[in-house]
Amino acid sequence: MPLSFNSFLHFSVAVAVAAAAIAMCSAVASVRHAMPGIGNFYTDTELVVHGLGYDEYAQRLFDEMPNRDLVSWNSLISGFSRKGCLDACLNAFCRMRAESDGQPNEVTLLSVASACADMGALDEGKFIHGVVVKLGMSGKAKVVNSLISLYGKLGFLDAACQLFEEMPVRSLVSWNSMVVIHSHNGYAEKGMDLFNLMRRAGVNPDQATMVALLQACTYTGIGRQAESIHTCIFRCGFNGDITIATALLNLYAKLGRLNASKDVFEEMRYRDIIAWTAMLAGYAVHACGREAIKLFDLMAKEGVDVDHVTFTHLLSACSHSGLVEEGKKYFKIMSEVYRVEPRLGHYSCMVDLLGRSGRLEEAYELIKSMPVEPSSGIWGALLGGCRVYGNVELGKEVAERLLCLDPSDHRNYVMLSNIYSAAGLWRDASNVRALMKERGLRRNPGCSFIEHGNKIYRFVVGDQSHPRSEEIHTKLGELMKRVREAGCLPKTEFVLHDIDEEVKVDMINKHSEKLAIAFGLLVTGSGTPLIITKNLRICGDCHSTAKVVSLLEKRTIIIRDSKRFHHFADGFCSCKDYW
């Protein structure tokens, strides 16, 4: 609600007092400039008002200033930039050029370029680029770095690369920006190459470089690169940096190397809440529920202030491990003991936990008791439970709610179609698929990825594209024969099509994760763990096959599907068949 004039006067007095107080603080002292008289008051006050979120009043205070210099304009523009007010930021910039005798400086251009990048404003960003050229500031490293970041964030790598190539002197920030934008645009390997070029150019990395590299490695998914970066971290003396250590811990967990994550965590001299939470998240995605509970108890013992994120990962760990009673216990004490009110993410974990343990009605009652409107994620968790236990009626009701909430999510149609197919209701399944097609939605094809020789190989069902395809299929045929002889019969109920049984068996025997396993066995030595990533949830037949193969081949097989990791060893899976 807008303030009255009297309220505004009182507010101005309060801000003046605040300005006088914070003028003594180092944070403000560092940005204050020598401005005699009332101009000094206005600039400091304007900074305070911006910081409190009252942008309208910052503008009014600015307009009342008797004298406006470059510092005043920059204060207004940077305030709008930080708040994400692009229109106001550009308006102030244009006013400055029209009303002021002075020219924009680096601070001005950095603020406006940052606002354009954050708001995805390409045309406005190009306009600022033009101003930079017109003012002859193309040689200013900080300004060019901001333009590189702008173009990179908006996906225009060619423009960013051209600016980088034309720089007479490239700072560490320039190199870091290039690594980051290539990684974020799907060219993580190019980002790694740029890091190597940076080292050859004699530029030493900093914390930001290492974090950017670790993020790039997350995108490539290549374990050997992670090991190389880990070595580089030690050589550069960053092993004691908690931000880098936490990013490394996260990376190893995402690559399926949970033991390496634990090693990094144990070696930390000091752990903040982010590090504790990262380790908890690693346990959760790897379905190590008991370990997650032990870690949480240790956090409580050491006096770590837990928050809603901590409980999200703890409940997720319980959900992925089938620890129903433990999950219910922590969901209860979360609010009663730790005063953390349940959020949508917590309810989603609980619904998933109850649904996958077969307690569908209890999960449904929990949803109905929620004090807030359930999200599509919560209904989706219940629909997943309906799929596992074949509850067609409840599944249909839940799916209808989901299609109203999020009609553009193809996964909801696929899950409902699968529920109908599993129940033999082929006409209903066909109608759902027809509706999906009518709305222009397509199901993502299943594919699996495996690393070998610093390269990631991709397989789809029945894949024949690999140069060693004939060897892979021969190996898979031999493998499936041994698996069937061991008593693991094909689970054709997971082929959700109304086709002949023989065709179902042939289809299921050539699923992408089976091809990836066969390839891995061909190209790696005995005893080497196989780490595979799948974009969809692993099917029941592939899950059973992986268990048997781990026993027959005496191999650890780690498969990450769309939800969590499965660790197969000696004929068992870490999920205890709960997924």
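Residues numbered from 1 in each chain as written. Predicted model: local features only at pLDDT ≥ 70, side-chain atom pairs only at ≥ 80, totals over all residues. Heavy atoms only, no water.

### Quick look at the overall build of the protein
Okay, so step 1: Each helix and strand in the protein was counted, giving 30 helices and 6 strands.
Okay, so step 2: The buried share of the protein, taken over its 579 residues, is 48%.
Okay, so step 3: Across the protein, every contact between residues at least 6 apart in sequence was considered, and the portion connecting residues at least 24 apart equals 62%.
Okay, so step 4: Counting every atom, the protein has about 28,300 Å² of accessible surface; 52% of that belongs to carbon and sulfur. (Helix = DSSP H or I, 4+ residues; strand = E, 2+ residues; numbered from the N terminus. Buried < 20%, exposed > 50% of the residue type's maximum accessible area, 1.4 Å probe, protein only. Contact = heavy atoms within 4.5 Å. Areas by Shrake-Rupley, 256 points an atom, 1.4 Å probe, with all protein chains shown as cover.)

### Description of the sheet that holds strand 4 (residues 557-560)
Okay, so step 1: Overall, mixed pairing links the 6 strands, which are arranged 2-1-3-4-5-6 in an open sheet. Sheet topology places strand 2 (456-460) and strand 6 (572-573) at the edges, where each strand pairs with a single neighbour.
Okay, so step 2: Relative to strand 5 (residues 565-569), strand 4 runs antiparallel, the two being bridged by 4 bridges. Counterpart to I558 in the pairing with strand 5 is H567. (Pairing = 2+ DSSP bridges.)

### Here's the deal with the nonpolar core
Okay, so step 1: Formed by 130 residues in total, the largest nonpolar core has its most connected members in I148 and L382.
Okay, so step 2: Setting aside residues up to four positions removed in sequence, I148 forms contacts with A160, L163, F164, M167, S177, M178 and I181.
Okay, so step 3: Core analysis: the next-biggest nonpolar cluster, separate from the first, contains 29 residues, F459, M480, C488 and V549 among them. (Core = buried A, V, L, I, M, F, W, Y, C linked by side-chain atoms within 4.5 Å.)

### Observations regarding the packing of helix 5 (residues 70-82) against helix 7 (residues 106-118)
The description of two packed helices rests on the angle between their axes and on the distance between the axes.
Okay, so step 1: Close contact between helix 5 and helix 7 brings their axes to 9 Å; oriented N to C, the two are set at 15 degrees. Judged by the angle between their axes, helix 5 and helix 7 are roughly parallel. Judged by the sense of rotation from one axis to the other, the crossing of helix 5 with helix 7 is left-handed. Two secondary-structure elements touch here, helix 5 through L70, N74, I77, S78 and S81 and helix 7 through V107, T108, S111, V112, S114 and A115.
Okay, so step 2: When the residues that make up the contact of helix 5 with helix 7 are grouped by side-chain class, the tally is 5 nonpolar, 6 polar and no charged. (Axes fitted to C-alpha atoms, helices over the stretch in contact; angles between N-to-C directions. Parallel < 35°, antiparallel > 145°, perpendicular 65-115°, else oblique. Left-handed = near helix turned anticlockwise from the far one by under 90°. Nonpolar A, V, L, I, M, F, W, Y, C, P; charged D, E, K, R; others polar.)

### Some remarks on the layout of surface pockets
Okay, so step 1: Put simply, the second largest pocket is a space of about 710 Å³.
Okay, so step 2: Around the second largest pocket, the lining is made up of 26 residues, and of these G221, G223, L255, E451 and I531 lie nearest the centre.
Okay, so step 3: Breaking the lining of the second largest pocket down by element, the ones donating at least two residues are helix 13 (207-220), helix 14 (223-235), strand 1 (447-451), strand 3 (530-534) and strand 4.
Okay, so step 4: Of the residues assigned to the lining of the second largest pocket, the class counts are 9 nonpolar, 11 polar and 6 charged. (1 Å grid on protein atoms, 1.4 Å probe; cavity = no way out; pocket = protein on both sides within 12 Å on 5 of 7 lines; lining within 4 Å. Points joined across faces, edges and corners; volume = space filled by probe spheres on them.)

### Focus: the side chain of S319
Okay, so step 1: Structurally, S319 is set in helix 19 (residues 308-321).
Okay, so step 2: In contact with S319, not counting residues within four places along its chain, are C349, D352, L353 and Y578.

### Concerning the packing of helix 6 (residues 86-99) against helix 7
Okay, so step 1: Where helix 6 meets helix 7, the axes come as close as 9 Å, and the angle between the chain directions of the two elements is 150 degrees. Here helix 6 is positioned roughly antiparallel relative to helix 7, judged by the angle of their axes. The hand of the helix 6/helix 7 crossing is left-handed. The segment helix 6 lies against helix 7, with L86, C89, L90, F93 and M96 engaging T108, L109, S111, V112, A115 and C116.
Okay, so step 2: When grouped by side-chain class, the residues that make up the contact of helix 6 with helix 7 number 9 nonpolar, 2 polar and no charged.

### A few points about the packing of aromatic side chains
Okay, so step 1: Taken as a whole, this structure holds 11 aromatic pairs when the rule is applied.
Okay, so step 2: Taken together, F296, F311, Y330 and Y338 form an aromatic cluster joined through their ring pairs.
Okay, so step 3: Over the ring of F156 we find K126; its NZ or CZ atom is 5.9 Å from the centre of that ring.
Okay, so step 4: Sitting over the ring of F265, R271 keeps its end group 4.2 Å from the ring centre. (Phe/Tyr/Trp six-rings, centres within 6.5 Å; stacked < 30°, edge-to-face > 60°. Lys NZ or Arg CZ within 6 Å of the ring centre and 35° of its normal.)

### Things to note about unusual backbone geometry
Okay, so step 1: With a phi angle near 55 degrees, R339 is a residue other than glycine that sits in the positive phi range.
Okay, so step 2: Within the fold, R339 resides in the loop between helix 20 (324-336) and helix 21 (344-356).
Okay, so step 3: Notably, K554 is not glycine yet its phi reads approximately 55 degrees, a positive angle.
Okay, so step 4: Here K554 shows up in the loop between helix 30 (540-552) and strand 4.

### Comments concerning the environment of L536
Okay, so step 1: Tracing the chain through its elements places L536 in the loop between strand 3 and helix 30.
Okay, so step 2: It is 7.6 Å that separates the C-alpha atoms of L536 and C447, two residues lying 89 residues apart in sequence.
Okay, so step 3: If sequence neighbours within four positions are ignored, L536 has contacts with R443, N444, P445, G446, D561 and S562.

### Re the pattern of salt bridges
Okay, so step 1: Scanning all chains against the criterion turns up 19 salt bridges.
Okay, so step 2: Note that R68 is salt-bridged to E99, the shortest N-O span being 3.5 Å. Of this pair, R68 sits in the loop between helix 4 (55-64) and helix 5 while E99 sits in helix 6, placing them 31 residues apart in sequence.
Okay, so step 3: Classification of R68 by relative accessible area gives partly exposed; the value is 30%.
Okay, so step 4: Across the pair E165 and R170 runs a salt bridge whose closest N-O atoms are separated by 3.4 Å.
Okay, so step 5: Residue class for E165 comes out exposed when judged on its relative accessible area of 53%.
Okay, so step 6: Exposure remark for R170: the relative accessible area of 29% places this residue in the partly exposed category.
Okay, so step 7: One salt-bridge network, held together by shared partners, links E325, K328, R359 and E362. (Salt bridge = Lys/Arg side-chain N within 4 Å of Asp/Glu carboxyl O.)

### So, the environment of S574
Okay, so step 1: For S574, the position within the fold is in the segment after strand 6.
Okay, so step 2: Sequence-distant contacts of S574, defined by excluding residues within four places in its chain, comprise H286, A287, F565, H566 and H567.

### Notes on the pairing of strand 4
Okay, so step 1: Both strand 3 and strand 4 contribute to a ladder of 4 bridges, which runs parallel. Residue pairing in the sheet places I531 in a bridge with I558 of strand 4.
Okay, so step 2: In this view, the connection linking strand 3 to its parallel neighbour strand 4 by way of helix 30 has right-handed handedness.
Okay, so step 3: Linkage of strand 4 to strand 5, two consecutive antiparallel strands, is achieved through a turn of 4 residues. (Right-handed = clockwise from strand over helix to strand, strands pointing away.)

### A closer look at the pairing of strand 1
Okay, so step 1: Where strand 1 and strand 2 come together, 5 bridges link them in antiparallel fashion. Paired with C447 across the bridge in strand 2 is V460.
Okay, so step 2: A loop of 4 residues connects strand 1 with strand 2, the two strands running antiparallel in sequence, and G453 in this loop sits at a positive phi of about 60 degrees.
Okay, so step 3: Sheet topology note: the strand 1/strand 3 ladder contains 3 bridges and is antiparallel. Looking at the pairing, F449 lines up with T533 of strand 3.

Function-wise, these values are silent; they only describe arrangement.
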